[in-house]
Amino acid sequence: MTTERTSAYADAIVAIARGEHALETVEDELLAVARTVAGNEELRDALVDEQLPVGQRLRLVESQVLRAAHPATRTALAMIITAEQSSHLSAIAEAVANRAAASRGEELAEVYVAVELDEPRRAALKAALERATGRKLDVKYHVDESVVGGVRAKIGDTVIDGSLARRLTDLRTRAGG
Amino acid sequence: MDPIIVAVEDAGGAYGVILPAPGELLWGAVAFTIVFVILSKLAFPALGRVLDDRAAAIQGKMEEADAKLVEAEEARRSYEASVADARGEANRIIEDAKVTAEQLRADILTRAEAEATSMLERAQADISAERDRALQELRTQVGALSVELASRIVERELDTATHQTLVDEYIQQLSSQN
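All figures in this text were calculated on a predicted structure; none of them were measured in a lab. (Residues numbered from 1 in each chain as written. Chains lettered and ligands numbered in written order. Predicted model: local features only at pLDDT ≥ 70, side-chain atom pairs only at ≥ 80, totals over all residues. Heavy atoms only, no water.)

Caption draft 1: Spotlight on the packing of aromatic side chains. Residue and element names in this part refer to chain B. Evaluated as defined, the whole model comprises two aromatic pairs over all chains. With centroids separated by 6.2 Å and ring planes inclined at 25 degrees, the aromatic side chains of phenylalanine 32 and phenylalanine 36 adopt a geometry described as stacked. Remark: phenylalanine 36 and phenylalanine 32 occur in helix 3 (residues 22-157); sequence separation between them is four residues, near one turn of the helix. For phenylalanine 32, a relative accessible area of 57% gives the class exposed. (Phe/Tyr/Trp six-rings, centres within 6.5 Å; stacked < 30°, edge-to-face > 60°. Helix = DSSP H or I, 4+ residues; strand = E, 2+ residues; numbered from the N terminus. Buried < 20%, exposed > 50% of the residue type's maximum accessible area, 1.4 Å probe, protein only.)

Below is the structure:
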């Protein structure tokens, strides 16, 4: 959920990325980090734990995983952690991606799949989503095992869920009812 | 010879022994009359008064006794009447008690039967509800286990080709909506 504070941080990060001419890279990397953190409870708890020293929480930024990331991405992460905004990392990353997409005349679409998709399928999926929504989309793909199989797409507030996880949940609900 | 017969014969025969001499008889009659007059004047009235008093006393005693008898009879009748009343009252109380006890017994029996029926109905309802709940829970558990098992099989059995097929189906569904 985007709030005034989230928007302000997103604007700041977009400004930094534009200054570095790396908006697309930063939005991709920031979104990937946000999805990774959201899917890792231990990492999420460590980042939002205000009892831990900030220096210790900043080790994520300096970790081997993020060493290859763009400096602007690491700067944005350091700013978010230092400002105790880690709990809003996903919202900030989405806001950055939305702004980046909007700057290209597109709308952000996040697609979650269980396995990596080959390029032809990505293109077909993007085209299908654009036809379905009638909008030009900036599609970000995330591999998420919780999807189990199929695809779950989130475009703004709209979710088009064709995942096996959703079907199994429906089945559980019906069986439990 | 017998001495007595000799004396009689000496006095002039049998008649002389039985009848006194006429002079003796005359004097005897005078003396008797004198004594009788004296007694009539002096003793007989006093004796009559004593006898009258005694008779009056006896009569009074008898009347008193009769009065006491009548009183006793009245007391006896009163007592018997009281006893009869008491017996009647006791019988009435006993009858009332019997009626009350019978009503009480009938009431208790009716209430006990009603309560037993109610308890039975509640128990049957509870048993029925518990059975339905257990069946529902069993169905839910069986359903959940089946789904869980299916989920695990699906997650394990999904290969790359199946994943790609699922993505292709998603794309086709999106396209078919337009």
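Caption draft 2: Summary view of the side chain of A:Thr6. Structurally, A:Thr6 can be placed in helix 1 (residues 4-19). Polar contacts involving the side chain of A:Thr6 include one to the side chain of A:Thr3, which spans 2.9 Å. (Polar contact = N/O pair within 3.5 Å; in protein donor to acceptor, adjacent residues only side chain to side chain.)

Caption draft 3: Up close: the interface of chain B and chain A. Counting residues at the interface gives 21 residues for chain B, matched by 26 residues for chain A. Summing both sides of the interface, chain B and chain A together bury roughly 2,000 Å²; the carbon and sulfur share of this comes to 67%. Across the pair B:Asp168 and A:Arg121 runs a salt bridge whose closest N-O atoms are separated by 2.9 Å. Counting the contacts that link chain B with chain A gives three residue pairs in polar contact (both at pLDDT 80 or more). Among the secondary structure elements, those contributing two or more residues to the side of chain B that touches chain A are helix 3 and helix 4 (160-176) of chain B. Here the element with the most residues in the side of chain B that touches chain A is helix 3 of chain B; it accounts for 10 residues. Grouping the constituent residues of the side of chain B that touches chain A by class yields nine nonpolar, eight polar and four charged. (Contact = heavy atoms within 4.5 Å. Buried area = accessible area lost by both parts, 1.4 Å probe. Salt bridge = Lys/Arg side-chain N within 4 Å of Asp/Glu carboxyl O. Nonpolar A, V, L, I, M, F, W, Y, C, P; charged D, E, K, R; others polar.)

Caption draft 4: Examining the pairing of strand 1 (residues 107-113) of chain A more closely. Residues and elements named next belong to chain A. Among the seven residues in strand 1, six count as buried, and that is most of the element. Note that strand 1 and strand 2 (residues 137-143) share seven bridges and pair parallel. For valine 111, the partnering residue across the bridge sits in strand 2 and is tyrosine 141. In terms of handedness, the path from strand 1 via helix 7 (residues 119-133) over to strand 2 forms a crossover that is right-handed. (Pairing = 2+ DSSP bridges. Right-handed = clockwise from strand over helix to strand, strands pointing away.)

Caption draft 5: Region of interest: the nonpolar core. A:Ile13, A:Leu30, A:Leu77, A:Leu89 and A:Val96 are the most contacted members of the largest nonpolar core, which has 32 residues in total. Looking at this core, the elements with two or more residues in it are helix 1, helix 2 (23-38), helix 5 (71-82) and helix 6 (89-103) of chain A. Top contributing element to this core by residue count: helix 6 of chain A, with eight residues. If you look at the next biggest cluster of nonpolar residues, it comprises 16 residues, including A:Val111, A:Val151, A:Ile155 and B:Leu174. (Core = buried A, V, L, I, M, F, W, Y, C linked by side-chain atoms within 4.5 Å.)

Caption draft 6: Representation of the pattern of salt bridges. In the structure shown here, the tally under the stated rule is 27 salt bridges over all chains. Here B:Arg133 ties to B:Glu130 by a salt bridge, and the two come within 2.7 Å at their closest N and O atoms. You can see B:Arg133 and its partner B:Glu130 sitting in helix 3, three residues apart, about one turn around the helix. Under the relative-accessibility criterion, B:Arg133 is labelled partly exposed at 43%. Bridged by salt links that share partners, the residues A:Glu27, A:Asp28, A:Arg104, A:Glu106, A:Lys136, A:Asp138 and A:Lys140 form one connected network.

Caption draft 7: Quick peek at the sheet that holds strand 4 (residues 158-163) of chain A. Residue and element names in this part refer to chain A. With mixed pairing, the four strands of this open sheet are ordered in space as 2-1-3-4. Strands at the two margins of the open sheet, each flanked by one partner only, are strand 2 and strand 4. Geometrically, the sheet is characterised by an average inter-axis angle of 15 degrees between neighbouring strands, direction not taken into account. Pairing geometry for strand 3 (residues 150-155) and strand 4, over six bridges, is antiparallel. Within strand 4, the residue paired with valine 151 across the bridge is glycine 162. (Axes fitted to C-alpha atoms, helices over the stretch in contact; angles between N-to-C directions.)

No statement about biological role is implied by the geometric values presented.
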